[in-house]
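Listed below, chain by chain, are the residues.
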Amino acid sequence: AQSVTQPDIHITVSEGASLELRCNYSYGATPYLFWYVQSPGQGLQLLLKYFSGDTLVQGIKGFEAEFKRSQSSFNLRKPSVHWSDAAEYFCAVLIQSGNTPLVFGKGTRLSVIA
Amino acid sequence: DAGITQSPRYKITETGRQVTLMCHQTWSHSYMFWYRQDLGHGLRLIYYSAAADITDKGEVPDGYVVSRSKTENFPLTLESATRSQTSVYFCASATGELPQHFGDGTRLSIL
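Each chain has its residues counted from 1, running along the sequence as written. Note on labels: chains are lettered from A, ligands numbered from 1, in written order. Per-residue local features of the predicted model are confined to residues with pLDDT of at least 70, and side-chain atom pairs are confined, for both listing and counting, to 80 or more; whole-chain, interface and lining totals are unaffected and use all residues. Only hydrogens and water are set aside when side-chain values are computed; all heavy atoms of the structure are taken into account.

Considering the overall build of chain A
So, step 1. Check the secondary structure of chain A and you find zero helices and twelve strands.
So, step 2. The reference for a compact globule is 2.2 Å times residues^0.38; the radius of gyration itself is calculated from the C-alpha atoms. Here the C-alpha atoms of chain A give a radius of gyration of 14 Å, agreeing with the 13 Å that 2.2 N^0.38 yields for 114 residues.
So, step 3. Its C-alpha atoms give chain A principal-axis dimensions of about 40 × 30 × 20 Å.
So, step 4. Counting across all 114 residues of chain A, residues that qualify as buried make up 46%.
So, step 5. For this analysis, residues touch if any pair of their heavy atoms sits within 4.5 Å. Across chain A, the fraction of contacts at a sequence separation of at least 24, relative to all contacts at a separation of at least 6, is 53%.
So, step 6. Where accessible areas are quoted, they stem from the Shrake-Rupley method and a 1.4 Å probe; at the residue level, only the protein chains shown are allowed to cover. With the model as given, the accessible surface of chain A reaches about 5,400 Å², and the carbon-plus-sulfur share is 49%.
So, step 7. His is not counted, nor are the chain ends, whereas Lys and Arg count as positive and Asp and Glu as negative. Every charge is mapped to an atom, namely NZ of Lys, CZ of Arg, CG of Asp or CD of Glu. Positive and negative side-chain charges of chain A, numbering 9 and 8 respectively, have mean locations separated by a distance of 5 Å. Secondary structure elements are taken from DSSP: a helix is a run of H or I of four residues or more, a strand is a run of E of two residues or more, and numbering for both begins at the N terminus. Each residue gets one of three labels from its accessible area relative to the maximum for its type: buried under 20%, exposed over 50%, partly exposed in between, using a 1.4 Å probe on protein chains only.

In structure tokens:
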């Protein structure tokens, strides 16, 4: 079955430390890939997207993600986490263009400690 | 300002009642979506619409009804609310290959 997996339900990192959030998908073709962030009590905000081309994509707030076809992964990274990055992060895929509905992972909650 | 607006932001109702959640977007996006967000499940698609008068079921459509008489509006109705429908509901819109834009959500509690 087609799916999006975020293996980590909750991650805690120290402020200033590096961060990597994992995302794996299982589709036959290369999908369009997205990372969203949700702060408490708010809607989702797009961090970055991958459609094609360079497999390392830059997003807002200092985030980047790397698409690895061989591993069916699209992991989100940030070199130095800030306390304001504490939020829920969702990986999502579109399996074809034309905006068929996004399929979301179940999310990873990020906590940041001093 | 252009955007996507959900109303109400918070709603408390009783089982068996009918409740309608509103979603309005000002971009004239052709696609609109309703998701529910529950702990441990992430976001699950309830219904979506590719254009006015065209709607399709998502992953969890049971107990919900939608309509799309105008491009800018996509209301979601719970015809007879149940406790299992207590959730946070998000509306989204999209066009072409652009990612979806989300509203701020409606927190619905059913007692």
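Comments concerning the overall build of chain B
So, step 1. Check the secondary structure of chain B and you find zero helices and eleven strands.
So, step 2. Beginning at the N terminus, the succession of helices and strands in chain B can be written as β-β-β-β-β-β-β-β-β-β-β.
So, step 3. Expected size for 111 residues packed as a compact globule is a radius of gyration near 13 Å; at 13 Å, chain B falls within 12% of this value.
So, step 4. The C-alpha extent of chain B, read off along each of the three principal axes, is 40 × 25 × 25 Å.
So, step 5. Here chain B, with 111 residues, has 47% of them falling under the buried criterion.
So, step 6. Taking contacts inside chain B between residues at least 6 apart in sequence as the whole, the part at least 24 apart equals 54%.
So, step 7. Accessible area for chain B stands at about 5,400 Å²; split by element, carbon and sulfur atoms hold 47% of it.
So, step 8. Counting 10 positive and 11 negative side-chain charges, chain B places the centres of these two groups 8 Å from one another.

A look at the pairing of strand β11 (residues 106–110) of chain B
A regular strand carries its side chains on alternate faces of the sheet.
Residue and element names in this part refer to chain B.
So, step 1. Of the two faces of β11, only one is covered, namely that formed by Thr106, Leu108 and Ile110; the face formed by Arg107 and Ser109 stays uncovered.
So, step 2. For strand β2 (residues 10–13) and β11, the ladder comprises four bridges, and the chain directions are parallel. Bridging from a neighbouring strand, isoleucine 12 pairs with serine 109 of β11.
So, step 3. By this definition, two strands are paired if DSSP reports at least two bridges between them. Relative to β11, strand β9 (residues 87–94) runs antiparallel, the two sharing three bridges. Residue serine 87 lies in a different strand from β11, and its bridge partner there is leucine 108.

Description of the pattern of salt bridges
So, step 1. We define a salt bridge as a contact between a side-chain nitrogen of Lys or Arg and a carboxyl oxygen of Asp or Glu at a distance within 4 Å. This model, assessed by the stated rule, comprises seven salt bridges over all chains.
So, step 2. The shortest N-O distance in the salt bridge between glutamate 14 of chain B and arginine 17 of chain B comes to 3.5 Å.
So, step 3. A residue is classified by how much of its surface remains accessible, and arginine 17 of chain B, at 47% relative accessible area, is partly exposed.
So, step 4. In this structure, a network of salt bridges that share partners links the residues Glu64, Glu66 and Arg77 of chain A.

Some remarks on the state of the cysteines
So, step 1. In what follows, a disulfide is any cysteine sulfur pair within 2.5 Å. Under the counting rule described, the total for this entry stands at two disulfides over all chains.
So, step 2. At a sulfur-sulfur separation of 1.9 Å, the disulfide partner of cysteine 23 of chain A is cysteine 91 of chain A. Residues cysteine 23 of chain A and cysteine 91 of chain A share a disulfide whose torsion about the S-S bond is about -65°; that sign makes it left-handed. Here the residue cysteine 23 of chain A occupies a position in the loop between β3 (19–21) and β4 (24–26), and cysteine 91 of chain A occupies one in strand β10 (residues 87–94), the gap between them amounting to 68 residues. Taken individually, cysteine 23 of chain A and cysteine 91 of chain A each receive the classification buried, so the pair is uniform in this respect.
So, step 3. Cysteine 23 of chain B shares a disulfide with cysteine 91 of chain B; S-S distance 1.8 Å. Disulfide cysteine 23 of chain B-cysteine 91 of chain B: torsion about the S-S bond near -80°, hence left-handed. In this pair, cysteine 23 of chain B sits in strand β3 (residues 19–25) while cysteine 91 of chain B sits in strand β9, placing the two residues 68 residues apart along the sequence. As far as the burial class goes, cysteine 23 of chain B and cysteine 91 of chain B line up, both buried.

Side note on the packing of aromatic side chains
So, step 1. Each aromatic pair joins two rings of Phe, Tyr and Trp (for Trp, the six-membered one) with centres within 6.5 Å, and gets the label stacked for planes under 30 degrees apart, edge-to-face for over 60, and tilted for any other angle. Applying the stated criterion across every chain, the model contains 17 aromatic pairs over all chains.
So, step 2. When the ring of tyrosine 32 of chain A is compared with that of phenylalanine 51 of chain A, the centres are 4.6 Å apart and the planes differ by 40°; the resulting orientation is tilted. Taken together, the residues span a long stretch of sequence, with tyrosine 32 of chain A in strand β5 (residues 32–38) and phenylalanine 51 of chain A in the loop between β6 (44–50) and β7 (56–58) at a distance of 19 residues.
So, step 3. Measuring from centroid to centroid gives 6.0 Å for phenylalanine 33 of chain B and tyrosine 48 of chain B, while their planes differ by 15°, and the two rings are stacked.

Notes on the confidence of the model for chain B
So, step 1. pLDDT is a residue-level measure of predictor confidence that goes from 0 to 100. This prediction gives chain B a mean pLDDT of 91; 95% of its residues lie at or above 70.
So, step 2. Of all the helices and strands in chain B, strand β10 (residues 101–102) of chain B carries the lowest mean pLDDT, 88, while strand β8 (residues 76–78) of chain B carries the highest, 98.

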